[in-house]
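An overview of the molecular structure
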4 protein chains.
Amino acid sequence: MKALVYQGPGKKALEERPMPAISAPTDAIVRITKTTICGTDLHILKGDVPTCAPGRILGHEGVGTIEKVGAGVTAFRPGDHVLVSCISACGKCDYCRRAMYSHCTTGGWILGNTVDGTQAEYVRIPHADTSLYRIPADADEEALTMLSDILPTAFECGVLNGKVQPGSTVAIVGAGPIGLAALLTAQFYSPAELIAIDLDDNRLDVAKLFGATMAVNATGGNAAEQVMKLTDGRGVDTAIEAVGAPATFVLCEDIVAPGGTIANVGVHGVKADLHLERLWSQNITITTRLVDTVTTPMLLKTVQSRKLDPKRLITHRFKLDRILDAYDTFARAASTRALKVIIEA
Amino acid sequence: MKALVYQGPGKKALEERPMPAISAPTDAIVRITKTTICGTDLHILKGDVPTCAPGRILGHEGVGTIEKVGAGVTAFRPGDHVLVSCISACGKCDYCRRAMYSHCTTGGWILGNTVDGTQAEYVRIPHADTSLYRIPADADEEALTMLSDILPTAFECGVLNGKVQPGSTVAIVGAGPIGLAALLTAQFYSPAELIAIDLDDNRLDVAKLFGATMAVNATGGNAAEQVMKLTDGRGVDTAIEAVGAPATFVLCEDIVAPGGTIANVGVHGVKADLHLERLWSQNITITTRLVDTVTTPMLLKTVQSRKLDPKRLITHRFKLDRILDAYDTFARAASTRALKVIIEA
Amino acid sequence: MKALVYQGPGKKALEERPMPAISAPTDAIVRITKTTICGTDLHILKGDVPTCAPGRILGHEGVGTIEKVGAGVTAFRPGDHVLVSCISACGKCDYCRRAMYSHCTTGGWILGNTVDGTQAEYVRIPHADTSLYRIPADADEEALTMLSDILPTAFECGVLNGKVQPGSTVAIVGAGPIGLAALLTAQFYSPAELIAIDLDDNRLDVAKLFGATMAVNATGGNAAEQVMKLTDGRGVDTAIEAVGAPATFVLCEDIVAPGGTIANVGVHGVKADLHLERLWSQNITITTRLVDTVTTPMLLKTVQSRKLDPKRLITHRFKLDRILDAYDTFARAASTRALKVIIEA
Amino acid sequence: MKALVYQGPGKKALEERPMPAISAPTDAIVRITKTTICGTDLHILKGDVPTCAPGRILGHEGVGTIEKVGAGVTAFRPGDHVLVSCISACGKCDYCRRAMYSHCTTGGWILGNTVDGTQAEYVRIPHADTSLYRIPADADEEALTMLSDILPTAFECGVLNGKVQPGSTVAIVGAGPIGLAALLTAQFYSPAELIAIDLDDNRLDVAKLFGATMAVNATGGNAAEQVMKLTDGRGVDTAIEAVGAPATFVLCEDIVAPGGTIANVGVHGVKADLHLERLWSQNITITTRLVDTVTTPMLLKTVQSRKLDPKRLITHRFKLDRILDAYDTFARAASTRALKVIIEA
């Protein structure tokens with residue numbers, strides 16, 4: 001089968017690989033019909049993710065059809081139409097029982113990281129019963145591909161952890177795909193104000209189309225002043241960090257109101273300054289989280305009931321044969337204006 | 001009347017001052033019978049609290065009897081026996097309505113800071129109806145003096161924010177008075193393990209007497225390793241920072257388990273490192289808070305029903321005449337082994 | 001001044017009454033500009049509310065302008081544009097401190113019940129600082145009149161207590177004004193399905209216009225069967241009782257899913273059957289509540305930010321002179337299709 | 001092997017039965033070392049539980065050692081020392097993912113009900129990985145037998161659902177084994193008052209030994225008046241119904257304070273009156289629940305750390321040979337003063 005393989009820092013190729021096989025009774029083999037590329041895949045390609053060794057098939061998102069199941073799989077059978085979760089969960093360990101699937105002792109983020117992933121014609125899914133989600137036969141596969149990772153990540157790490165509430169004021173720092181996914185799902189809770197912050201006016205324009213009530217261009221370094229002005233000096237109830245850099249995290253510290261929450265979504269490579277000399281008395285909460293995908297069933301219902309339209313995040317489409325072009329388009333998002341790209345296997 | 005007055009950095013004196021008078025209809029004048037000294041008073045004396053100007057009567061804790069009330073006070077009358085809260089709350093502003101009395105727009109921590117305080121024979125209490133608490137006539141005044149600040153601070157900022165639960169593992173970093181108060185009130189929730197961490201073996205011995213199940217002396221810099229070992233490599237569900245220094249905050253980052261909470265109680269003068277490169281994926285929560293004293297009625301009930309014995313925190317007693325000795329004893333806690341000192345007015 | 005006065009069961013009149021006067025320092029006198037009629041006013045007129053004595057000016061909803069304030073009022077002054085809350089709150093008692101204003105020991109629902117109300121040119125508002133809400137000068141008074149009672153009641157007792165969530169399934173039993181207000185505010189949380197249940201097809205048509213995704217006419221007695229069919233035999237996550245009768249409450253018991261919530265909004269005159277022989281093992285929650293109006297500030301923000309349009313509830317408008325016609329129109333809602341009627345003073 | 005078999009209403013016998021065998025890959029066979037009898041077993045024997053057919057081996061509680069595991073079991077192997085949960089959970093269905101194991105679509109309460117149970121030398125445990133709990137080799141088996149059902153039931157349905165809090169006032173209606181288990185676990189949260197209510201002074205004496213601060217004998221029908229008097233007319237924050245009868249449920253309605261919670265633990269055979277004409281405005285919450293056993297790991301930690309001593313519930317001990325005597329002793333609790341009886345297999 002064809003598969004996109006990481007070949008060490010800076011290198012990748014579409015290779016011919018053997019079909020995956022069931023290796024544990026709880027495995028399933030899924031024939032991928034749609035997959036996509038995540039910012040994390042680009043991090044791997046830069047060599048930033050040491051757990052991912054050269055030779056690994058990348059990808060942790062996708063939709064497809066069950067091809068085979070191990071003897072221990074009871075919830076699915078061949079032919080079932082399924083969504084692949086970016087997080088594998090055994091359903092049995094202490095963390096899984098606490099709904100912290102991200103920290104499953106034999107799962108978590110392993111697909112396209114420590115085991116072969118979804119950017120291929122077929123993928124082996126460990127812990128299949130608790131890591132796949134059945135989808136309606138007539139479901140829109142492109143839309144649901146957004147539920148593998150980007151939407152639960154934005155919703156759980158940003159919106160739920162950020163305690164977005166009706167009438168509240170929310171700032172989203174970073175209007176890339178993950179920030180925009182937070183913007184879409186924050187609206188489940190009807191906040192009064194949704195302030196998008198970015199350096200790129202194009203992205204801010206998209207944010208306004210997606211529901212931002214105000215946009216702040218952070219170029220020039222006075223984003224905090226702008227937000228304080230827009231909020232009458234009060235600051236925001238929720239600040240969602242969707243970039244993963246020290247400066248944007250500190251911006252969240254600068255704009256959070258007393259009693260507010262900073263919900264970190266970004267992947268950070270270095271430490272940030274925590275201004276406790278100012279924040280110790282401000283009754284704030286800071287949260288971090290690797291997505292647990294516990295809200296996948298809820299998100300499926302919001303898509304089915306048309307409360308959420310995930311396809312708004314999709315800007316480009318490619319066949320698997322042209323996945324290298326897809327990577328190129330996604331990596332040059334500033335010029336291609338790519339958000340999420342669909343790859344049809 | 002006699003009053004302990006801040007005279008600028010490093011200077012204080014017991015002065016003769018005029019009796020306070022009602023200046024707003026919501027004021028009450030309280031004759032203080034017992035007061036105490038807080039670590040914050042020492043900070044003021046070092047010149048670290050710029051809002052507190054020379055000439056200010058210090059103190060934000062105490063118990064006493066109502067002497068006079070303004071025309072707008074409806075909940076109290078002369079002769080009532082009351083507890084003074086360290087936080088003044090108007091009960092009307094947006095923050096007060098959200099039970100964030102610490103950020104009351106015309107109150108908060110003002111006593112002994114921006115208005116004259118309780119280390120005196122009499123004190124004027126603004127917003128009296130919502131800043132004083134009636135206590136039983138036969139109440140133990142010494143015990144209740146601990147409810148002005150130290151116990152609600154430890155309980156709200158450390159225990160409640162830290163989400164201490166039955167069966168959970170809690171570390172308290174810093175076994176000074178505030179850490180010990182957290183240790184006492186954490187036991188309301190029956191955690192399985194309560195690990196006290198300090199540099200001073202005497203304090204750790206007190207911690208064990210007060211209910212710590214394990215003690216870690218952090219001298220030598222391997223406290224994190226010790227805690228990880230004591231928790232089978234898992235870390236703690238709740239880490240309560242009760243010191244107010246960058247190193248102790250980072251220790252909390254080092255020992256918090258995935259899914260756990262760091263509850264900051266300490267007053268910080270400088271920023272700390274937040275190791276997001278490690279923590280971004282650990283599903284942790286960090287909280288800060290200036291005490292709101294919303295749990296004062298609950299704490300009163302726990303004292304009345306003997307679930308909490310605040311007098312365990314009291315080590316020394318002085319008359320108001322000898323308050324300078326009291327300050328000296330409290331400031332040299334390492335040698336005097338002082339926790340809280342009672343001053344009888 | 002003119003005022004609508006209850007004259008004993010079945011009797012009411014528009015009378016000439018003396019202007020109200022400040023009787024406590026915390027009082028304010030408000031000149032009413034808009035008021036409305038509540039279903040509770042009709043209950044009083046039937047003689048069902050023994051606390052309300054003949055001679056009482058009715059009404060507990062309205063918007064107006066501050067005319068005078070007592071010496072203890074600090075948050076408002078003459079000329080301020082204000083919303084009158086149906087619940088008076090002292091802000092000081094144990095219940096008020098727990099945000100249970102409905103049970104305020106010197107307040108609660110007193111307006112138009114135990115003290116004169118808002119269906120008049122002027123009204124005295126006790127505990128003014130914590131029972132009035134400032135509104136923008138250019139606010140739409142008609143819209144905000146819906147925030148005195150009906151919207152916070154539907155939102156707090158139905159939607160919040162009912163824990164409506166994104167993706168969840170909600171049934172609202174009763175599509176009268178209060179049920180429709182629940183329907184509007186339930187949408188703050190983006191439930192997947194909102195099932196309206198009533199006996200009247202006209203009301204169900206309005207419900208569908210207001211956002212119901214399904215409508216069930218309960219005539220014939222098989223409403224439960226219809227709901228179970230619509231939910232694939234699962235039942236609803238939230239059942240909001242917005243009628244106040246034993247049969248509709250039992251209907252909620254019949255349709256609530258395991259793990260779901262029955263949120264009672266209706267005013268009940270008699271007991272209902274609680275089928276514990278079926279429900280004891282179903283992990284359900286039942287809630288009751290008299291509105292606390294703690295969400296009034298949040299609701300004001302949702303109106304200002306156009307997440308909520310309260311004017312959709314208004315069907316008729318009258319001058320105060322014609323308030324008897326307003327009552328007649330409101331009382332004959334089945335034929336007039338009245339929801340809420342505005343009375344301009 | 002020997003097993004206690006239900007032979008139809010009123011009939012039971014200790015029979016010789018074949019050893020159970022693995023019938024699904026997720027099964028385990030457990031050799032029972034200790035088991036006990038539950039009030040529910042007596043209900044089955046009365047013929048009150050139609051799902052339990054004659055021929056069924058009774059029992060859903062116990063501790064033992066793994067004898068054999070199916071091919072799909074990954075968390076346990078032969079020789080492991082385990083606690084049997086009264087609730088079987090697949091860990092995969094919608095309810096299990098929501099931690100509502102009691103409603104597991106292929107599990108729930110099945111042991112000693114729809115499949116053979118634990119009052120035997122061996123038992124087959126379906127969904128073993130998520131229905132058994134590993135215990136330390138040196139654990140006190142008798143103590144842990146109390147964690148199969150009675151303690152999680154009392155804790156989850158009574159204490160957690162009842163939101164017992166530090167300083168709160170709790171009434172427990174019924175001081176039988178389940179009420180006493182609620183009494184023990186309520187103390188995890190340090191309530192100020194714990195009022196035990198029963199008709200039997202002996203049981204009330206035990207309740208006082210177990211931590212009740214007040215005891216009310218309900219004989220004479222004035223229990224509500226007594227409770228109101230003991231609470232200065234306020235009522236209780238939490239009323240735990242631990243009987244399962246209409247009258248005791250109504251007693252909870254009579255004593256719950258505004259804002260309080262009625263947590264039902266009792267198994268009810270008939271409906272009860274819900275006095276909504278009084279309660280609709282009282283801001284109360286009523287909860288029902290079949291135990292989910294999600295707190296079993298937490299309870300294990302509280303036992304290990306000596307915050308809970310389950311053996312206080314054990315009054316009698318028998319060998320499996322004499323299980324009929326054990327049933328007799330347990331059934332005549334009023335005269336034998338039996339709480340829980342241990343049966344050693």
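This write-up is about the structure you can find in this document. Please read all numbers here as calculations on a predicted model, not as lab measurements.

A few points about the sheet that holds strand β9 (residues 193-198) of chain C
Pairing in this open sheet of 12 strands is mixed, and the strands run β10(C)-β9(C)-β8(C)-β11(C)-β12(C)-β14(C)-β14(D)-β12(D)-β11(D)-β8(D)-β9(D)-β10(D) from one edge to the other. One side of each edge strand has no neighbouring strand; the edge strands of this open sheet are β10 (214-217) of chain C together with β10 (214-217) of chain D. Each strand of the sheet is rotated relative to its neighbour by a mean of 15°, with strand direction disregarded. Pairing geometry for strand β11 (residues 236-241) of chain D and strand β12 (residues 256-264) of chain D, over 5 bridges, is parallel. Within β12(D), the position partnered with E241(D) by the bridge is N264(D). Against the sheet, helix α4 (residues 150-160) of chain D touches β11, β12 and β14 (285-287) of chain D, its axis set at about 160° to β12(D).

Digging into helix α11 (residues 323-331) of chain B
Residue and element names in this part refer to chain B. Those residues of α11 lying buried are I323, A326, Y327, T329 and F330. Buried residues in α11, looked at end-on, bunch into an arc of 165°, giving them a common side. Residues of α11 that are buried sit in contact with β1 (2-6), β2 (12-16), α1 (39-46), β15 (314-319), α12 (333-336) and β16 (340-344).

Examining the sheet that holds strand β11 (residues 236-241) of chain B
Taken together, the 12 strands give an open sheet; going across it, the order is β10(A)-β9(A)-β8(A)-β11(A)-β12(A)-β14(A)-β14(B)-β12(B)-β11(B)-β8(B)-β9(B)-β10(B), and neighbouring strands pair in mixed fashion. Looking at the sheet topology across the chains shown, the edges are occupied by β10 (214-217) of chain A together with β10 (214-217) of chain B. Neighbour-to-neighbour, the strand axes of this sheet turn through a mean angle of 15°, independent of strand direction. Relative to the sheet, helix α4 (residues 150-160) of chain A contacts β11 (236-241), β12 (256-264) and β14 (285-287) of chain A, its axis offset from that of β12(A) by approximately 160°. Strand contacts of helix α8 (residues 246-255) of chain A: β8 (169-173), β9 (193-198), β11, β12 and β14 of chain A, with the helix running at about 155° to β12(A), the strand carrying the most contacts.

A look at the interface of chain B and chain D
The interface of chain B with chain D comprises 15 residues on the first partner and 14 residues on the second. In total, about 1,300 Å² of surface goes out of reach between chain B and chain D, with carbon and sulfur atoms giving 62% of it. In terms of surface lost to chain D, no three residues of chain B exceed P166(B), S190(B) and K307(B), which account for 32% of the buried area on that side. For the interface between chain B and chain D, the tally reads 0 salt bridges. The interface formed by chain B and chain D holds 2 residue pairs in polar contact (both at pLDDT 80 or more) in total. Partitioning the side of chain B that touches chain D into residue classes produces 6 nonpolar, 6 polar and 3 charged.

Basis of the calculations
Residues numbered from 1 in each chain as written. Chains lettered and ligands numbered in written order. Predicted model: local features only at pLDDT ≥ 70, side-chain atom pairs only at ≥ 80, totals over all residues. Heavy atoms only, no water. Pairing = 2+ DSSP bridges. Helix = DSSP H or I, 4+ residues; strand = E, 2+ residues; numbered from the N terminus. Axes fitted to C-alpha atoms, helices over the stretch in contact; angles between N-to-C directions. Contact = heavy atoms within 4.5 Å. Buried < 20%, exposed > 50% of the residue type's maximum accessible area, 1.4 Å probe, protein only. Arc of directions from axis to C-beta. Buried area = accessible area lost by both parts, 1.4 Å probe. Salt bridge = Lys/Arg side-chain N within 4 Å of Asp/Glu carboxyl O. Polar contact = N/O pair within 3.5 Å; in protein donor to acceptor, adjacent residues only side chain to side chain. Nonpolar A, V, L, I, M, F, W, Y, C, P; charged D, E, K, R; others polar.

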